[in-house]
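In case you want the letters, here they are:
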Amino acid sequence: MCLGVPGRVEEILENDRARVDVSGNSLEISIRLTPEVKVGQYVLIHAGFAMQIVDEAWAKETLGILEELRQYAQL
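Reading the values: the criteria
Residues numbered from 1 in each chain as written. Predicted model: local features only at pLDDT ≥ 70, side-chain atom pairs only at ≥ 80, totals over all residues. Heavy atoms only, no water. Helix = DSSP H or I, 4+ residues; strand = E, 2+ residues; numbered from the N terminus. Buried < 20%, exposed > 50% of the residue type's maximum accessible area, 1.4 Å probe, protein only. Pairing = 2+ DSSP bridges.

**Regarding unusual backbone geometry**
The residue Ser 23 is not glycine, and still its phi comes out positive at about 50°. Of note, Ser 23 is situated in the loop between β2 (17-22) and β3 (25-30). In this structure, Ala 47 is a non-glycine residue whose phi angle is positive, near 55°. Note on placement: Ala 47 falls in the loop between β4 (42-46) and β5 (49-54).

**Concerning the pairing of β2**
Each regular strand displays side chains that alternate between the two surfaces of the sheet. Covered by surrounding structure in β2 are Ala 18, Val 20 and Val 22 only, the residues Arg 17, Arg 19 and Asp 21 on the alternate face being uncovered. Pairing analysis gives 5 bridges linking strand β1 (residues 5-13) to β2, with the strands arranged antiparallel. The partner of Glu 11 across the bridge, within β2, is Arg 19. Between the antiparallel neighbours β1 and β2 lie 3 residues, among them Asn 15 with a positive phi of about 60°. One ladder, built from 6 bridges, connects β2 with β3; its direction is antiparallel. Within β3, the residue paired with Arg 17 across the bridge is Ser 30. From the end of β2 to the start of β3, which pair antiparallel, there are 2 residues, and Ser 23 there has a positive phi angle of about 50°.

**Some thoughts on the environment of Lys 38**
Along the chain, Lys 38 turns up in the loop between β3 and β4. What makes Lys 38 exposed here is its relative accessible area of 53%.

Quick look at the structure:
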């Protein structure tokens, strides 16, 4: 099973790269599959690639669910 996580694009870099924020963690990813993405938008990230641009509300809801799962994993 594969898991994609949403991240907010913070900066567009050279060579089809972007810096994103995923739950407070800064990552550099490829935006080769989503070259139209803009700073401030959310993308679904899998294996270091932005797979698609996603709705902000969906992204925030998903991040909340993932955080809830993380908390249960610590019990």
